[in-house]
Every structure is written in C-alpha cells, then in structure tokens.
Amino acid sequence: MRPSDIAHPEHFHKVVDCQYACPAHTPVPQYIRLIAQQRYSEAYLLNWESNVFPGVLGRTCDRPCEPACRRGRVEEQPVAICRLKRVAADFKDDIKAQLPTIPEQKNGKKVALVGAGPAALTVARDLAPLGYQLDIYDAQPKAGGFMRSQIPSFRLPEAVLDEEVGYILDMGPVTHFNHYVDSLQSLLAQDYDAIFVGSGAPRGRDLPNLPGRQQADADIHIGIDWLANVAFEHTTSIGEKVIVLGGGNTAMDCCRTARRLGGKDVKVLVRSPFDEMKASAWEKEDALHEDIPIIDNHVPTEFVLENGKLVGMRFDKVEAHYDSSGKRTLQPTGEQAFYPCDQVLVAIGQENAFPWIERDLGIEFDQWETPVVDATSFQSTLPRVFFGGDAAFGPKNVITAVAHGHQAAISIDLFCQGESVLQRPAPRTNLISQKMNIHDWTYDNGVAADLRFAVPLADKEQALNDRRLEVELGFDLATAYQEAERCLNCDVQTVFDAANCIECDACADVCPTSCINFTADGDEDDLRGRLNAPSSNRDQVLYIADGLKTGRIMAKDENVCLHCGLCAERCPTGAWDMQQFNYQVTKSAELLAVPLVPKQQRVG
Amino acid sequence: MSYAKSTFRHPSLQPNQLGYDKRAYEGALSTLCAGCGHDSVGAAIVQACFEANIEPHKVAKISGIGCSSKTPAYFLGKSHGFNSVHGRMPSVATGANMANRDMIYLGVSGDGDTASIGFGQFAHVNRRNLNMLYLVENNGCYGLTKGQDSATTDVGSVSKKGQANPFTAIDLCATALEMGATFVARSFSGDKAQLVPLIKAALRHPGFAFIDVLSPCVTFNNTTTSTKSYDYVRDHVAATGAIDVIPMQQEITTDYQPGSSHEVTLHDGSVVHLYKGDVDLDVTCKVSAQEAIRRHQLEGAVLTGLLYMDPQSRDFHQMINSVKGPLRDLDEAALCPGQKALDAINASFR
Ligand SMILES: Cc1cc2nc3c(=O)[nH]c(=O)nc-3n(C[C@H](O)[C@H](O)[C@H](O)COP(=O)(O)OP(=O)(O)OC[C@H]3O[C@@H](n4cnc5c(N)ncnc54)[C@H](O)[C@@H]3O)c2cc1C
Ligand SMILES: Cc1ncc(C[n+]2csc(CCOP(=O)(O)OP(=O)(O)O)c2C)c(N)n1
Ligand code: SF4
Ligand code: SF4
Ligand code: SF4
Ligand SMILES: [Mg+2]
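Residues numbered from 1 in each chain as written. Chains lettered and ligands numbered in written order. Predicted model: local features only at pLDDT ≥ 70, side-chain atom pairs only at ≥ 80, totals over all residues. Heavy atoms only, no water.

### Description of the overall build of chain B
Here comes step 1: Helix and strand content of chain B: 12 helices and 13 strands.
Here comes step 2: Taken over C-alpha atoms, the radius of gyration comes to 21 Å for chain B, in line with the 20 Å a tight globule of 350 residues would show.
Here comes step 3: Structurally, chain B occupies a C-alpha span of about 70 × 50 × 50 Å along its principal axes.
Here comes step 4: Looking at the 350 residues of chain B, the share that counts as buried comes to 51%.
Here comes step 5: Expressed as a percentage of contacts within chain B between residues at least 6 apart in sequence, the contacts between residues at least 24 apart total 71%.
Here comes step 6: When the accessible surface of chain B is split by element, carbon and sulfur atoms take 54% of a total near 15600 Å².
Here comes step 7: Taking the average location of the 30 positive side-chain charges in chain B and that of its 33 negative ones, the two points are 7 Å from each other. (Helix = DSSP H or I, 4+ residues; strand = E, 2+ residues; numbered from the N terminus. Rg over C-alpha atoms; globule rule 2.2 N^0.38 Å. Buried < 20%, exposed > 50% of the residue type's maximum accessible area, 1.4 Å probe, protein only. Contact = heavy atoms within 4.5 Å. Areas by Shrake-Rupley, 256 points an atom, 1.4 Å probe, with all protein chains shown as cover. Lys, Arg positive; Asp, Glu negative; His and termini not counted. Charge placed at Lys NZ, Arg CZ, Asp CG, Glu CD.)

### So, the overall build of chain A
Here comes step 1: Counting its secondary structure elements, chain A contains 22 helices and 23 strands.
Here comes step 2: In terms of overall dimensions, chain A is globule-like: its C-alpha atoms have a radius of gyration of 26 Å, near the 25 Å expected for 604 residues.
Here comes step 3: Principal-axis analysis of the C-alpha atoms gives chain A an extent of 85 × 65 × 45 Å.
Here comes step 4: Of all intrachain contacts in chain A linking residues separated by at least 6 positions in sequence, the fraction that spans at least 24 positions is 71%.
Here comes step 5: Here chain A has roughly 24100 Å² of accessible surface; of this, 48% comes from carbon and sulfur atoms.
Here comes step 6: Here chain A carries 59 positive and 85 negative side-chain charges, and the mean point of each set is 1 Å from the other.

### Examining the site of ligand 5
Here comes step 1: Around ligand 5 sit Leu32(B), Cys33(B), Cys36(B), His38(B), Cys67(B), Asn139(B), Gly143(B), Cys217(B), Val218(B), Thr219(B) and Phe220(B), and that is every residue in its neighbourhood.
Here comes step 2: Partitioned by chemical class, the residues of the shell around ligand 5 number seven nonpolar, four polar and no charged. (Near = heavy atom within 4 Å. Nonpolar A, V, L, I, M, F, W, Y, C, P; charged D, E, K, R; others polar.)

### Here we look at the site of ligand 4
Here comes step 1: Ligand 4 sits among 14 residues. The nearest are Cys511(A), Cys561(A), Leu562(A), Cys564(A) and Cys567(A).
Here comes step 2: Among the residues forming the shell around ligand 4, the class breakdown is nine nonpolar, four polar and one charged.

### Details of the pattern of salt bridges
In a structure, side chains of opposite charge can pair up when their charged atoms sit close to one another.
Residue and element names in this part refer to chain A.
Here comes step 1: The full count for this structure, using the stated rule, is 60 salt bridges over all chains.
Here comes step 2: Residue Glu 335 is joined to Lys 317 by a salt bridge in which the shortest nitrogen-to-oxygen separation is 3.6 Å. With Glu 335 in strand S12 (residues 328–340) and Lys 317 in strand S11 (residues 309–322), this pair connects stretches of sequence that are 18 residues apart.
Here comes step 3: Given a relative accessible area of 44%, Glu 335 falls into the partly exposed group.
Here comes step 4: Assessed through its relative accessible area of 26%, Lys 317 is described here as partly exposed. (Salt bridge = Lys/Arg side-chain N within 4 Å of Asp/Glu carboxyl O.)

### Focus on the interface of chain B and chain A
Here comes step 1: In this complex, chain B contributes 28 residues to the contact, which on the side of chain A involves 38 residues.
Here comes step 2: Roughly 2700 Å² of surface becomes buried between chain B and chain A when both sides are summed, with 57% attributable to carbon and sulfur atoms.
Here comes step 3: Seen at the junction of chain B and chain A, the total is four salt bridges.
Here comes step 4: Among the ionic pairs, Asp509(A) bridges to Lys192(B), the shortest N-O distance being 2.7 Å.
Here comes step 5: Taken together, the connections running from chain B to chain A amount to 15 residue pairs in polar contact (both at pLDDT 80 or more).
Here comes step 6: Taken together, the elements giving at least two residues each to the side of chain B that touches chain A come down to helix H1 (37–51) and helix H8 (230–236) of chain B.
Here comes step 7: Residue composition of the side of chain B that touches chain A, grouped by class: 13 nonpolar, nine polar and six charged. (Buried area = accessible area lost by both parts, 1.4 Å probe. Polar contact = N/O pair within 3.5 Å; in protein donor to acceptor, adjacent residues only side chain to side chain.)

### Considerations on the packing of aromatic side chains
Here comes step 1: Under the criterion given, the structure shown has 20 aromatic pairs over all chains.
Here comes step 2: Geometrically, the ring pair formed by Tyr134(B) and Phe210(B) is tilted, given 5.8 Å between the ring centres and 50 degrees between the ring planes. Residue Tyr134(B) is located in strand S4 (residues 132–138), and its partner Phe210(B) is located in strand S8 (residues 208–214); the two are separated by 76 residues in the primary sequence.
Here comes step 3: Here the aromatic cluster, defined as three or more aromatic residues joined through ring pairs, consists of Phe12(A), Phe496(A), Phe518(A), Tyr543(A), Trp576(A), Phe581(A) and Tyr583(A).
Here comes step 4: For the cation-ring pair, Lys92(A) lies above Tyr44(A), with the distance from its terminal atom to the ring centre recorded as 4.6 Å.
Here comes step 5: Across the ring face of Phe154(A), the terminal group of Arg260(A) is positioned such that the distance to the ring centre comes to 3.8 Å. (Phe/Tyr/Trp six-rings, centres within 6.5 Å; stacked < 30°, edge-to-face > 60°. Lys NZ or Arg CZ within 6 Å of the ring centre and 35° of its normal.)

### What to know about the environment of Thr60(A)
Residues and elements named next belong to chain A.
Here comes step 1: Take Thr 60: it is sitting in helix H5 (residues 54–60).
Here comes step 2: The exposure class assigned to Thr 60 is buried, which follows from its relative accessible area of 11%.
Here comes step 3: Separated by 339 residues in sequence, Thr 60 and Ile 399 place their C-alpha atoms 9.7 Å apart.
Here comes step 4: Those residues in contact with Thr 60 that lie beyond four places of it in its chain are Ile 151, Arg 155 and Leu 156.

### A short note on the sheet that holds strand S19 (residues 492–496) of chain A
Residue and element names in this part refer to chain A.
Here comes step 1: Spatially, the three strands line up as an open sheet ordered S16-S23-S19, and their pairing is antiparallel. Each edge of the open sheet is held by one strand with a lone partner, namely strand S16 (428–433) and S19. Between one strand axis and the next, the sheet turns by 40 degrees as a mean value, whatever way the strands run.
Here comes step 2: Judged from the five bridges that link them, S19 and strand S23 (residues 576–584) form a sheet pairing that is antiparallel. When the bridges of S23 are listed, Val 495 appears paired with Asp 577. (Pairing = 2+ DSSP bridges. Axes fitted to C-alpha atoms, helices over the stretch in contact; angles between N-to-C directions.)

### Describing the UniProt feature "domain: Thiamine pyrophosphate enzyme TPP-binding" (unreviewed entry) in chain B
Here comes step 1: In this numbering, the UniProt entry assigns the feature "domain: Thiamine pyrophosphate enzyme TPP-binding" (unreviewed entry) to residues 65–213 of chain B.
Here comes step 2: Here residues 65–213 of chain B is 34% helix and 23% strand, with 17 Å between the C-alpha atoms at its ends. (UniProt positions renumbered as here; feature names shortened; annotations may be inferred.)

### Examining unusual backbone geometry
Here comes step 1: One non-glycine residue with positive phi stands out, namely Asn489(A), at about 55 degrees.
Here comes step 2: Secondary-structure assignment places Asn489(A) in the loop between helix H19 (477–484) and S19.
Here comes step 3: Even without glycine at this site, Lys146(B) takes up a positive phi of about 85 degrees.
Here comes step 4: Among the structural elements, Lys146(B) can be located in the loop between strand S5 (141–142) and strand S6 (148–149).

### With respect to the coordination of the magnesium ion (ligand 6)
All names here are of chain B.
Here comes step 1: Surrounding the magnesium ion (ligand 6) are the protein donor atoms Asp 111 (OD), Asn 139 (OD1) and Cys 141 (O), at 2.0 to 2.2 Å.
Here comes step 2: For the magnesium ion (ligand 6), the donor residues sit on a single chain with the sequence spacing D-x27-N-x1-C. Taken together, the residues Asp 111 in helix H4 (residues 111–115) and Cys 141 in strand S5 connect sequence positions 30 residues apart.
Here comes step 3: On the basis of relative accessibility, which here comes to 1%, the residue Asp 111 falls in the buried class. (Donors = N, O, S within 2.8 Å, 3.2 Å for Na, K, Ca; no water.)

### What about helix H17 (residues 398–416) of chain A?
Because an α-helix packs 3.6 residues into every turn, residues spaced three or four apart end up facing the same way.
Here comes step 1: The end-to-end C-alpha separation of H17(A) is 26 Å, in line with the 27 Å expected for 19 residues at 1.5 Å each.
Here comes step 2: In the stretch just after H17(A), Gly418(A) is the one whose phi turns positive, near 75 degrees. (Expected span 1.5 Å × (residues − 1).)

### As for the packing of helix H13 (residues 223–231) of chain A against helix H14 (residues 249–260) of chain A
Residue and element names in this part refer to chain A.
Here comes step 1: Contact pair H13 / H14: the axes reach a minimum separation of 10 Å and the direction vectors enclose 45 degrees. By the angle class used here, H13 and H14 are oblique. Judged by the sense of rotation from one axis to the other, the crossing of H13 with H14 is left-handed. Across the interface between the two elements, Gly 223, Ile 224, Trp 226, Leu 227 and Val 230 of H13 pack against Thr 250, Asp 253, Cys 254, Thr 257 and Ala 258 of H14.
Here comes step 2: Split by residue class, the contact of H13 with H14 holds six nonpolar, three polar and one charged. (Parallel < 35°, antiparallel > 145°, perpendicular 65-115°, else oblique. Left-handed = near helix turned anticlockwise from the far one by under 90°.)

### Quick look at helix H7 (residues 192–204) of chain B
Residues and elements named next belong to chain B.
Here comes step 1: With 13 residues, H7 ought to run about 18 Å at 1.5 Å a step, and its terminal C-alpha atoms sit 18 Å apart, in line with that.
Here comes step 2: Burial of H7 is extensive: 10 of the 13 residues sit out of reach of the surface.
Here comes step 3: Along H7, the positions that sit buried rather than exposed are Lys 192, Gln 194, Leu 195, Val 196, Pro 197, Leu 198, Ile 199, Ala 201, Ala 202 and Leu 203.

### Here's the deal with the nonpolar core
Here comes step 1: Grouped together as the largest cluster of nonpolar side chains are 140 residues, with contacts concentrated most on Phe53(A), Ile195(A), Phe387(A), Phe496(A) and Trp576(A).
Here comes step 2: The leading source of residues in this core is H17(A), at 11 residues.
Here comes step 3: Counting 70 residues, the second-largest nonpolar core is a separate cluster that includes Met103(B), Leu106(B), Ile199(B) and Tyr308(B). (Core = buried A, V, L, I, M, F, W, Y, C linked by side-chain atoms within 4.5 Å.)

### Notes on the side chain of Gln493(A)
Here comes step 1: The residue Gln493(A) is located in strand S19 in this model.
Here comes step 2: Not counting the four nearest positions on each side in its chain, Gln493(A) is found in contact with Phe12(A), Val15(A), Val16(A), Leu431(A), His563(A), Asp577(A), Met578(A), Gln579(A) and Phe581(A).

In structure tokens:
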C-alpha cells in the first residue's frame, strides 16, 4: 500500500472521528478536555469560533458527531458530545469581552442578508469583524430563523437563543424585522456588493389530494406553520385528540408541543417502519416518554368527516419489503385502520420555495425549482448572490447551516475584495508532542470502561403543563467531568517515525486493542485480511509507513485505537510519539484573541 | 498522565475454543525497559497458550532470577507461579512436577540464570527428561544487574560496557541436545511467526522441551558491536522449516504439498508438520541437529527453528514408573497400604 501522507491535513483529521463528522469541524476533544479542566469559558469560545451557537447546539444539534464517535466502536455508547457542549455554555463566565471587536471604520462594502436564521447570522458574524456593513432582512419579528420559530422552547429556552443571537446583533448589523423581501430584483437594484440568501426551506408539504382535505381544512395544520404560530403565540391550544402525520423531527416536535397545548390523546402515524423513521433516536424516545404512541407502517388514505366536522383518519397498513439491492417498497397488507381525532398536524416534510426570486435575474434554477449553487463557494450563477443553509441544498440542520455560513462568508469576502472564490484558504493544522516526561503526558490517557451518563429530565407532569419548561436539565459539573473523561482524545495522534524504529515489537505487544502490525507489504484487501485483529471497518484508514530495516511495513488500523499512548510509552526509541493534532477551519476573519492552536501546556 | 493498560480489547476478537478471550492469558503491565525482547517473548507465550486452548489454571510458571525470570508476572496472570532462586528453577519445577504430573510446567529463565549459576541444574533436568517447557530468554548478558557479559556472550561481542568478551560461549541448544532434551528449538523474540508455533509444539511435547529464544537487551546489549542485538540477529538468522502443530483430536484441514513437509507423529497422535526449508536437517536425528548447529555456528549464522524432537520421548514419570496421578489425589488407603503390603515388601528383601 502507499505509505500514508500524514502531512496532508485530512489524514489525521479523519482519525478525530467527531470533528471530522461535524459539518463545522468543531475541535471536539479539545473542548472536552477544557471542560474536564473546568475551563468552561475557553471551551465555550472554542465552540463559538466553530459553530457560533454552542448553547443552542448543545441542546438541539443533530449531532452527526456522536454516531461517528470512536467510543461507540469500543463499547456501546458514544461520548455525550452534544451535552458536554451545553455544559460549556451553561457554566461559562461572561465572555462578551472576548468576542471580536467590530471596527468603527467600515471597509466600504455592503452586504444584504435575506433571512436571520443560523446561516445568515453566521455570515454576519464572520463578516462584521472585517468591517462589512450588513443589512439583515427577516419576515419574522425577531432573529433566529427556525431556531426560534420551529424548535420548541421546551427543547431550546428563548433566553439561550436570545443570548447567542444577541452576540451577533451586538456586532451592529442593521436589522429589518417584519420585513419580507418580496423581490430579489429590488434588492439587487440597491447598492449591495453581495447578497446572501439564507431564507431556509419554509414550505411544509401538504396532502392536497387526500379525500376530505379541503372540507376539514379548519382542523388540519401544516406542522411547521403551526409550530411557528405556537412560538409566536398566535396559537395557544389544540383539540384533545390529535393525529400527527410524519416520522421526522418536525413530527416529534409537533406531537410533543400538542401534548403541552391541551392534546390528551396525541398519536404519531408514520408510513415507514419505526426503525427507519427520519427522526433521531433520542427524539423518538422523548416522544414515547411523554406517552405519545408512534404507530408505524400506516399510510393515510382519507380525512373522515361527520356532519362537516373532522372525526378521524383512515389508513392503509403496509409492510416494508426490500429487494436484493436493499431498496425499500411499502406494500399494502390489505388491512385498514381508522383513528379518531379532532385535529391533524401534517409534518411530512419541507421544501424550498423562492416565490420572491424573479427567474430572469441570471440565477439558474434546476428542475426541482431550487437554485444552482456551487457546493464549495455557495455562489449562485449570478456571481454576487450567494446561498447557504436550508435555502442552498434543502432542509438539513442548524450545524450544517452554520458550516455553510462560514464558507459563504469566505466567498463573499473574496468576491468583494475582487479575488477568486475558488482560492479557498487551507485549514490550519499543527502537531504538538504531548510527552512531558517519562510516563508523563499532557493529557489523561487512562482509558477506563465507564458507561455513558444519562442527562436528567424535568418532572413530566410539570413539563407537560408548561411548553416553556426545558425538559432536559443538562449535566451537573460532577457528571460532566466523568462524561468528559470518557473521551478518548482522538486528536492526540500516534505519529510514527520509521527511521527510529528498531522493530522490537514493544508497541504491537502492549497495544490493548491490537492496532499495530509489522508485516509484509500488500494491497489493502490483502493487508486487512491478515492483521493481528479483524480489520473490516473500511471507513477507518490504515496508517502505513515504510522505511523499516527489515523491509516490512508498519500498518496501524486506526479503527479502535484508544489513544492511550502505551505504544509511545513502551517504544524505546521514540519512534512513536503522541502528538496533539489541531485542525481549524479557516474563517473569513480571525475571531478570537486567544489562538485556537495552543502551545504545549500541562493540562489534566 | 497514566501508565496503566486499559481493559478494553479489540471488540471483534473472538474467544478461543474454551471460550477464553485473550485477556485471560495476559498478565500485569510490564515493568521491563521499553523495547526489551523479553516482552515480545511474553506476548508470544500469551498468543501460543490462547491459540492452543490451554486452560490458564492448568499452567504453572516457574522462574529463577533476572529480567527474564521476572517476565512470568507479565503473562498468564491467571496461572500458578513460583519465582524461585537464581539458577534453581529446575529443582522447583522438578518438585512440582513430581507432586502433580497433570499440570503444564513452563520454566522461564535467562542465559545468566541457566548458563552460569544454574548450569548444573540445567544439565540434570535435561537428563531426567522432565515433562516441561524450559524457555530461556537469551540476551547474552545479565540484564538485571546492568549488563555484564554472560556465558552465552559470543567471543568478541562488545556490549554497552565496551569490552570484547574473551571467553568461549556456551551454546544452550547444543548443551541441551548433549544432556538429553527430547525437544530442542531456537528462536528470536522478533519473529513471532516462528516462535508461537514452537511454543505450542513444545507445550504439547511429552518430555523436556527446550527453547533458546534470542531476546535482545535494548538497554545494555543492543549495540552495533553485539552479536545479540536486534540488527545482528536479524542479519544472521537462518531458519529450519516452519512448523505447524495439529492436535490429535483435530482434523487436518491444511493442504500440504506432497514432499514439501515432513510429519512427525507424537505419542498422543498429534502431528507436527515441518515444512522443509533450505537447511539440511533431520529433526528426529540428534546427530543431524548437532551437526547443523555447529555448521551454522562456523559460518557465523544463527540457526533457528525446530532443531530436534524425539517422537519416542519417555518423560521422567515414565522412566521411574511413578504414581499415575497427582499426589494430592492419593487417599489414606493408597498411602498406608497396611500390614500385608509391608510384609510383602519386607519379604521381597529376604
Ligand atoms: C420543527 C423543526 C425542528 C427542527 N429542529 C432542529 C433541531 O433540533 N436541530 C437542528 O439542528 N435543526 C433543527 N431543525 C432544522 C433547522 O431549524 C434548520 O435546518 C435551520 O434553521 C436552517 O437554517 P437557515 O439559516 O438555513 O434558515 P432558517 O432557520 O429557516 O431561517 C430562514 C429565515 O428566513 C426568513 N425568510 C425566508 N424567506 C424570507 C424572505 N423572502 N424575506 C425575509 N425573510 C425571509 C424566515 O422567516 C426565517 O426566519 C428543525 C426544523 C424544523 C422544521
Ligand atoms: C544467588 C545470586 N547470585 C547473584 C545474583 C545477582 N543476579 C541477579 S540477576 C543476575 C543475572 C541474570 O541474568 P539473566 O538470567 O541472563 O537474566 P536477564 O536479566 O539478562 O534477563 C545475577 C547475577 C542473585 N540475584 N542471586
Ligand atoms: S472519543 Fe472523544 S475525540 Fe474520540 S470521537 Fe469520541 S468525542 Fe471525539
Ligand atoms: S495509542 Fe497506541 S497502544 Fe494505545 S490503542 Fe492506540 S495504537 Fe494501541
Ligand atoms: S535491562 Fe535489558 S533485559 Fe532487563 S528489562 Fe532492560 S532491556 Fe530487558
Ligand atoms: Mg540475560
């Protein structure tokens, strides 16, 4: 196999599973160590630099990092990464003084942002410190986008959102709330150097052709519109018997909100099998915990009315069948079912809608009526218009919107400075040895078999009576410390130097998880078939080094390396060294006074 | 900071036929110098016992004094152990073996422990063909006492001490052959592919099995001028064919090219397959083994692999016709056979 190019920024980045999986590439293990060291403010700022909304995300993030977490491969459950982020937000001091200062002297460039959701707010945060003059337009009365209008307050208290949105609004963008932009053309006609479209995916799907839909209209609501109405208090109650259609997170928020607005008998009915629902496992758990049955394999066929009033819904029962390629079809079993209800919430998906963008401006739209956007620069086919967040590639989540925002901000800055948006700045990386002394490491590398800690919940009765009462209480500091200690510090890399290796086997012998091999070279299939331990996880790279005296290679399967450092500890020549790998996505502006990439320091 | 071994192991490693995972064969975290060859030998013993489906509690590890003799602490942590006196491992092993012949005896020693202070005991345990594996972790020096030359240091070899050794070296394999060992092999700590099957075969051998494992001392004798350094051994090694042990109960599943291997069937019906290498050697012939060792020595090469095995081996218990089971199983009737039996014995002397 070709020896690994460890100088390539992505080589070791892939080993830090969580950071790699995070769309914004938050340096997770680094902030987890800061939490363990009770340095909450620094942990918060590190997050804030990467993901802009640590307090929001610490509660609501889709957490793509957690299924990726190495700990989940070594034992059952990943580190509670997301909830540790919340700990940083909950226990930080006032960090306002450490936020970037905004220059009095502007740089003469003006940017309009359509929408005040996480994507646009990220663009604003990344551009304001450079002296851009920013105009934010949003149809809603307050900033936050779907974080405010959709994510219910029992999951995300308003105060937390206000605080983090506030950090950005304090940077001085001009806000135009309650201002729906109904024409991009008129915006283009103004003196903006660039326009960022972060208008989200605001249209909820309906079931317009289902019998009874029109007649029962008064009792049928589109989930996301209904949630927004609840958030802005236009809606304060719901019938006792509620059916929620759909299996995604919106359905889960709808059913749980319905329980709080007076719904006594609230059910979710979903087409797909329970295990294949779109909603995250924890959201389903939370719904079940609030006594909301989730009835799967049911396809709605009719809204049933009696005397002109909605009384229930009819469904066909289906069964999932899979063809040889694993493709699923839902086949009717022939059975039908009827469920009574007073009201129905339709939460079967969202789509983009751009009625306000004229189609003759030079912005190309594809066959699904979504704009053609470059996946790296987020530029549209009209060079000064950029898209990001749900508006760019359809509905995703907050952290993806943030990641888009960073890249769009870089593009806008390059564009406004007359440079090519293709010349993207490389990520900043470095490696720092962690060996302090004999047997002495800068990080805690005693890997113990501790199971994941559960987050405590508020009393159910109380929670169901108050839609504003936050359900999850967050970790206390003692638990947070223990949970933080579960992190394997995957950013502390095993770095191998073949020139120093005497092939004594000490590392291979001591390695608890049998990662290290000295063996004859071969191609990847061959090698994976004959390593000391089964090597079937191809998502995880083999670290290959040549240049050994015997002509063999060193092959390390990164899959279940514990980063315990024993290989380096037992290496007589220092051929193995544990080095902290820092990877920082370069932003349009330097946002923190404290450098992210630290010098070697005693920690732990 | 931490210097402890996690209890996590590779999640998809399978247990052996007895249901034990590899951890059941491991010991405490080593305190030897990082990079010591002895640690690799320990890892090979763990691997061999795991693969050979040996019950950890059926093994007794016995050793003398030295870094090598310390190593039983770092493997088979669930087995019995006796860290005895310098050079006296054979006596302790003999006593234990006499008392309970049902255990598997694993003697671990060093070149100092065996070839100097323990040389006399070593000779006699060979002669008795005691049923055990006697394994020497041979680094050509007294590692524990800071690297003095030992009796296996080659003439002219220079360790970290800086002085060439003037004295003739003892070849432990040649000695073992001469003294009556019925299984003799040499290996290298850095070659587990060879060492692990040798340990498995030796543990199965009914009689005295001796393995001399070249096991470099990184701290005192891994110099460019030493003949027991990693590099020197690697550069001068010549190997007899690879071996494979097929226990009697097990079907032979590997296909052996006709003519490519030599089979030796053991007493219990197990078969040792020997793949023919380039070395001209008949492993069942002592003279052939002695010759091969000598020939390689003269050429400046170190011959490793299985050198000799006697398929007809009769161990000490058989030779002296001792009681069949462990002594602890003898009941009062067996131990005090009564007046009649005594009378019969007395009568036999008249
Ligand atoms: C019910 C629900 C729950 C969710 N829960 C989570 C969760 O727990 N975690 C998570 O990560 N994600 C969640 N999401 C998804 C997440 O909210 C979105 O992916 C994210 O907010 C998208 O950000 P954005 O900046 O692209 O746009 P949005 O947040 O959608 O913001 C767009 C803003 O633009 C405004 N706007 C639109 N058009 C115009 C116009 N023409 N003129 C002026 N203003 C306009 C809108 O009013 C809105 O405020 C959820 C979504 C829904 C529907
Ligand atoms: C009776 C007695 N004499 C001398 C010693 C000192 N001593 C301890 S270890 C050792 C030599 C060990 O050499 P070796 O068996 O080769 O072990 P190594 O440390 O090289 O593995 C000596 C001479 C002792 N412990 N006891
Ligand atoms: S163990 Fe820690 S560093 Fe490794 S993937 Fe999980 S959270 Fe990230
Ligand atoms: S850090 Fe080294 S010893 Fe520890 S698990 Fe990883 S490769 Fe093995
Ligand atoms: S002194 Fe030599 S033999 Fe002893 S532990 Fe250190 S390297 Fe091994
Ligand atoms: Mg020695």
